[in-house]
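The lines below spell out each chain.
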Amino acid sequence: MTTAASNLTDHDLLTFLKEGREEAFTEIYHRYWEKLLAIGYHYTQHKEFAEEIVHDVFLRLWMQRATVDIHSLSAYLGTAVKFSVFKALLKEKRRSQIRARLPQSELIASDNERIEARFLQDYFQGIIETLPEKCRIVFRYSREESLSLAEIATRMNISQKTVESHMTKALKTLRHGLTRLQSFMTILP
């Protein structure tokens, strides 16, 4: 860059950032680090936690620099920090709820993988509960009772094509939920 990065506007810095220029990223980091840390600390009341979140926001900014569409750098970064804090707090609250539901013997033996598996199970169960009634019944017959499509059609007194349609809808809904969960998980620290 020919001009000192500290003299550039946010718009110019974003342009250079999209080109992959590290100096632009470094200037953005120095320009906004303290402000973002203050926002993170305001919501978390924990300095190290706030620092981790701000680092993650900057890391995502760098990783997504070519595709991210930012109109106001200050607003984008501030919102990203707030969103990350709220998602992290939500994740921790959810983990605490799952831990509280586990029997004491299971809690002692469990680790993060068990808790996350339980979270995923609860998450997908929640998605299944949102399916229309017949779609939900078809899915449960298929997955929980291991019935074939023909057996489900016979049991429910509907055509096999209708069963296939319900299964397609259920699987599509679950895939969409998984995509949303993956997006959610990438945001979390």
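Computed from a predicted model, the values in this text were never measured in an experiment.

Enquirer: Looking at this structure, how should I read the packing of helix 2 (residues 22-44) against helix 3 (residues 47-63)?
Expert: How two helices pack is summed up by the angle between their axes together with the distance between the axes. The geometry of helix 2 relative to helix 3 is characterised by a closest axis approach of 8 Å and an angle of 145 degrees between their N-to-C directions. In this structure, helix 2 meets helix 3 at a crossing whose hand is right-handed. Between helix 2 and helix 3, the residues in contact are Glu22, Phe25, Ile28, Tyr29, Tyr32, Trp33, Leu36, Leu37, Gly40, Tyr41 and Thr44 and Lys47, Phe49, Ala50, Glu51, Ile53, Val54, His55, Phe58, Leu61 and Trp62, respectively. Looking at the contact of helix 2 with helix 3 residue by residue, the class counts come to 15 nonpolar, 3 polar and 3 charged.

Enquirer: What exactly am I supposed to notice about the side chain of Thr44 here?
Expert: Position of Thr44 relative to the elements: it lies in helix 2. A residue is classified by how much of its surface remains accessible, and Thr44, at 15% relative accessible area, is buried. At 2.9 Å, the side chain of Thr44 forms a polar contact with the backbone oxygen of Gly40. Ignoring any residue separated from it by four or fewer positions in sequence, one finds Thr44 in contact with Phe49, Ala50, Ile53 and Val85.

Enquirer: How should I be thinking about helix 7 (residues 133-144) in this particular structure?
Expert: For an α-helix, the turn length of 3.6 residues means that residues three or four places apart are oriented alike. When the terminal C-alpha atoms of helix 7 are compared, their 16 Å separation across 12 residues agrees well with the 16 Å that a helix rising 1.5 Å per residue should span. Buried residues of helix 7: Cys135, Arg136, Val138, Phe139, Tyr141 and Ser142, and no others. Just beyond helix 7, the residue with positive phi is Ser146, at close to 55 degrees.

Enquirer: It is not clear to me how the environment of Ser146 should be interpreted in this structure. Could you clarify?
Expert: Secondary-structure assignment places Ser146 in the loop between helix 7 and helix 8 (149-156). What makes Ser146 exposed here is its relative accessible area of 59%. Filtering out sequence-adjacent residues up to four positions away, Ser146 remains in contact with Tyr141 and Glu151.

Enquirer: Even after reading the chapter, I still don't get the nonpolar core, so can you show me in this structure?
Expert: Nonpolar side chains tend to gather and get buried jointly when the protein is soluble and globular. The biggest cluster of nonpolar side chains holds 26 residues, and the ones touching the most others in it are Leu17, Ile28, Phe58, Leu61 and Leu77. Of all the secondary structure elements, the ones that give two or more residues to this core are helix 1 (10-18), helix 2, helix 3 and helix 4 (73-101). The residues contacting Leu77, other than those within four sequence positions of it, are Ile28, Tyr32, Leu36, Val57, Phe58 and Leu61. One finds Ile127, Ala153, Leu174 and Leu181 within the second-largest nonpolar core, a separate group that totals 20 residues.

Criteria and cut-off values
- Residues numbered from 1 in each chain as written.
- Predicted model: local features only at pLDDT ≥ 70, side-chain atom pairs only at ≥ 80, totals over all residues.
- Heavy atoms only, no water.
- Axes fitted to C-alpha atoms, helices over the stretch in contact; angles between N-to-C directions.
- Helix = DSSP H or I, 4+ residues; strand = E, 2+ residues; numbered from the N terminus.
- Left-handed = near helix turned anticlockwise from the far one by under 90°.
- Contact = heavy atoms within 4.5 Å.
- Nonpolar A, V, L, I, M, F, W, Y, C, P; charged D, E, K, R; others polar.
- Buried < 20%, exposed > 50% of the residue type's maximum accessible area, 1.4 Å probe, protein only.
- Polar contact = N/O pair within 3.5 Å; in protein donor to acceptor, adjacent residues only side chain to side chain.
- Expected span 1.5 Å × (residues − 1).
- Core = buried A, V, L, I, M, F, W, Y, C linked by side-chain atoms within 4.5 Å.

Read these as geometric descriptors, not functional statements.
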